[in-house]
Amino acid sequence: MILVLNSGSSSLKFQLFSMDTLQSLASGIIEQIGEKSSHTRLQFTDSDGKSQEITHTQPIPEHKAAIATMSELLKQNNLLVHLDKLSGIGHRVVHGGEAFHHSVLIDKHVMEGISDLSPLAPLHNPANLAGIEVAMAQAPNTPQVAVFDTAFHQTIPVHSFLYALPFTLYEKEKVRRYGFHGTSHSYVAKAAARFLGRPFTSLKTITLHLGNGASAAAIHNGSCQDTSMGMTPLEGLVMGTRSGDLDPAILFYLARETGMTLNELDELLNKKSGLKGICGDNDMRTITERIKQGDKQAALALEIFCYRLKKYIGSYLAVLGGADCIVFTGGIGEHSSLVRQKSCAGLKDLGIVLDPEKNELRSGEARAIHLQQSKVQVLVIPTNEELEIAAQTLKLISSTSTS
Ligand code: ADP
């Protein structure tokens, strides 16, 4: 079996996969780690095929206790005796910087590398590393793999990843565009190629990952050419609570005029902007409901979100010289027909024509939502980052065990 771990600053997500078919056997989440009471949920299907959900609440002070709780739950439910019985463990790691272009087997050097990159992702890499350290200590002989959110974007050419800043800032401070959500962009782009029956390496694809965080990527011949998130996940599309692109001089203006501190400006752009900043809500379901009730501010938030998305679709059509397909994914991309319709509206002359009926169909399956006349195929493909991490873990442990 392969276990996938996503250790966040206050949560631990885990999913257990079978080794042969990478079928999901169980998944769970422990939330509010480090708070007074942590909430734990485990979902699995028992041997009779019945789905079960177990939840309980108890204080879990840090990742060591979280992984112990997870292990105990998996044991109690006859899913896994001990972590050292696993064939492999795959860890999600947010920032791989320029050091990691691919997933890697974890050893001391890799752990040091992840730690060295912490200044670039101070909220994520230390938490990812905390999970890795516990799992390595508990299962030292089990191969463990780090799968980086940034790795898929490492093929982006220099003219696309560099900011027009003094070059020394890149050389000395590592200031450049890195991009995130790489595991999701890579997973859905490959799934799109399979759906279309075409080799991944022959396609021009625009992938749109629209969840609480949102990003777009332009992919040509199987390698990423551009992506909307930058040095941090703040750049690019409008998101749930993040502003995305803006004039950086707004920050100097606000600091001078209102006396806002660096921390306040950080919080403003990351937590109080985006959909939430415009209309007070960051959940697209609530916003859609409010629009149905005639709420103008919610409609404005949606308009700004979709307009920015359309601009990125247009710019990536230019980057790629046209596209074979556009893929919508993430909670909003997979479920909001309204966002898909508005962001693709009026793009007929660019070869994009949605089928209104197909766009409205609800399904958990990969599907096409364009009319036959549409030169660009428009797809909805559910993302599955955990499965991609499990697949990359399996690939790496299989290749090292046979070499
Ligand atoms: P995360 O980035 O945290 O993984 P998700 O990919 O689950 O988030 O996406 C969360 C977003 O998806 C929220 O804005 C949520 O409102 C939206 N969403 C989920 N289901 C629907 C739906 N049926 N219609 C519209 N939006 C939806």
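Refer to the preceding data block for the structure.
What comes next is a walk through the structure. Computed from a prediction, not measured in an experiment: that's the story for all the values here.

### What about the pairing of strand 6 (residues 88-93)?
No. 1: A large share of strand 6 lies buried, amounting to 5 of its 6 residues.
No. 2: Relative to strand 6, strand 1 (residues 2-7) runs parallel, the two sharing 4 bridges. Its bridge partner lying in strand 6, Leu-5 is registered against His-91.
No. 3: Here strand 6 runs beside strand 8 (residues 144-148); their pairing, made up of 5 bridges, is parallel. Its bridge partner being in strand 8, Ile-89 is matched across the sheet by Gln-144.

### Thoughts on the packing of aromatic side chains
No. 1: According to the stated counting rule, one finds 4 aromatic pairs in the structure shown.
No. 2: The interplanar angle of 55° and the centroid separation of 5.7 Å between the aromatic rings of Phe-161 and Tyr-170 together place this pair among those described as tilted. Each member of the pair, Phe-161 as well as Tyr-170, is classed as buried.
No. 3: One aromatic cluster is present, formed by Phe-161, Phe-167 and Tyr-170 through successive ring pairs.

### Examining unusual backbone geometry
No. 1: We note that His-181 has phi near 60°; this positive angle belongs to a residue other than glycine.
No. 2: With a relative accessible area of 11%, His-181 lands in the buried category.
No. 3: If you check the backbone angles, Asn-221 has positive phi at about 50° while not being a glycine.
No. 4: In this fold, Asn-221 is placed in the loop between strand 10 (214-220) and strand 11 (223-227).

### Looking at the layout of surface pockets
No. 1: Estimates place the volume of the second largest pocket at around 490 Å³.
No. 2: Broken down by secondary-structure element, the contributors of at least two residues to the lining of the second largest pocket are strand 8, helix 6 (182-196), strand 11 and helix 15 (385-402).
No. 3: Of the residues that constitute the lining of the second largest pocket, the class distribution is 7 nonpolar, 11 polar and 3 charged.

### A look at the site of the ligand
No. 1: Inspection of the region around the ligand gives Gly-211, Asn-212, Gly-213, Asn-282, Asp-283, Met-284, Arg-285, Gly-330, Gly-331, Ile-332, His-335 and Ser-336 as its neighbouring residues.
No. 2: Contacts to the ligand include Ile-332, whose backbone N or O atom sits 3.2 Å from an oxygen atom.
No. 3: Here the ligand, which alone exposes 580 Å², has 70% of that area covered by the protein.
No. 4: For the shell around the ligand, the element with the highest residue contribution is helix 12 (residues 330-335), accounting for 4 residues.
No. 5: Class assignment for the residues of the shell around the ligand results in 2 nonpolar, 8 polar and 2 charged.

### Focus on the side chain of Ser-186
No. 1: With respect to the helices and strands, the residue Ser-186 is situated in helix 6.
No. 2: Residue classification places Ser-186 among the buried residues on the basis of a relative accessible area of 6%.
No. 3: Looking at Ser-186, its side chain comes within polar contact range of the side chain of Glu-388, at 3.4 Å.
No. 4: Apart from residues lying up to four places away in sequence, Ser-186 is in contact with Phe-152 and Glu-388.

### A short note on the sheet that holds strand 13 (residues 367-368)
No. 1: Read from one edge of the open sheet, 6 strands run 11-10-9-12-14-13, paired in mixed fashion. The open sheet is flanked by strand 11 and strand 13, the only strands paired with a single partner.
No. 2: Alignment of strand 10 against strand 11, held across 4 bridges, turns out to be antiparallel. Bridge pairing in strand 11 links Ala-217 to Thr-227.
No. 3: Lying over the sheet, helix 6 contacts strand 9 (204-210), strand 10, strand 12 (325-329), strand 13 and strand 14 (377-380), oriented at roughly 125° with respect to strand 12.
No. 4: Lying on the sheet, helix 13 (residues 337-344) is in contact with strand 9, strand 12, strand 13 and strand 14; it crosses strand 12 at an angle near 150°.

### So, the environment of Ile-132
No. 1: Mapped onto the secondary structure, Ile-132 falls in helix 3 (residues 125-138).
No. 2: Residue classification places Ile-132 among the buried residues on the basis of a relative accessible area of 0%.
No. 3: Separated by 50 residues in the primary sequence, Ile-132 and Gly-182 place their C-alpha atoms 20 Å from one another.
No. 4: When neighbours within four sequence positions are excluded, Ile-132 is seen to be in contact with His-91, Val-93, Ile-106, Met-111 and Ile-114.

### What to know about the environment of Ile-60
No. 1: Positionally, Ile-60 belongs in the loop between strand 5 (51-58) and helix 1 (63-76).
No. 2: Exposure remark for Ile-60: the relative accessible area of 0% places this residue in the buried category.
No. 3: As a C-alpha pair, Ile-60 and Ser-10 span 50 residues in sequence and 9.9 Å in three-dimensional space.
No. 4: Contacts of Ile-60, omitting those with residues within four sequence positions, involve Ile-30, Ile-33, Gly-34, Ser-38, Thr-40, Ala-65, Ala-66 and Thr-69.

### Notes on the pattern of salt bridges
No. 1: By the definition in use, this model includes 13 salt bridges.
No. 2: With its nearest N and O atoms 3.8 Å apart, the salt bridge here joins Lys-272 to Glu-267.
No. 3: Notably, a salt bridge pairs Lys-292 with Glu-289, separated by 3.4 Å at the nearest N-O pair. A residue pair is termed a helical-turn pair when its members lie 3 or 4 positions apart in one helix, as Lys-292 and Glu-289 do in helix 10 (residues 284-292) at 3 residues.
No. 4: A single network of salt bridges, built from pairs that share partners, joins Asp-281, Arg-290 and Asp-295.

### Quick word on the environment of Cys-279
No. 1: Tracing the backbone shows Cys-279 in helix 9 (residues 274-279).
No. 2: For Cys-279, a relative accessible area of 10% corresponds to the buried category.
No. 3: Residues Cys-279 and Arg-290 lie 11 residues apart in sequence; the distance between their C-alpha atoms is 9.9 Å.

Cut-offs used in this document
- Residues numbered from 1 in each chain as written.
- Predicted model: local features only at pLDDT ≥ 70, side-chain atom pairs only at ≥ 80, totals over all residues.
- Heavy atoms only, no water.
- Buried < 20%, exposed > 50% of the residue type's maximum accessible area, 1.4 Å probe, protein only.
- Helix = DSSP H or I, 4+ residues; strand = E, 2+ residues; numbered from the N terminus.
- Pairing = 2+ DSSP bridges.
- Phe/Tyr/Trp six-rings, centres within 6.5 Å; stacked < 30°, edge-to-face > 60°.
- 1 Å grid on protein atoms, 1.4 Å probe; cavity = no way out; pocket = protein on both sides within 12 Å on 5 of 7 lines; lining within 4 Å.
- Points joined across faces, edges and corners; volume = space filled by probe spheres on them.
- Nonpolar A, V, L, I, M, F, W, Y, C, P; charged D, E, K, R; others polar.
- Near = heavy atom within 4 Å.
- Polar contact = N/O pair within 3.5 Å; in protein donor to acceptor, adjacent residues only side chain to side chain.
- Areas by Shrake-Rupley, 256 points an atom, 1.4 Å probe, with all protein chains shown as cover.
- Contact = heavy atoms within 4.5 Å.
- Axes fitted to C-alpha atoms, helices over the stretch in contact; angles between N-to-C directions.
- Salt bridge = Lys/Arg side-chain N within 4 Å of Asp/Glu carboxyl O.

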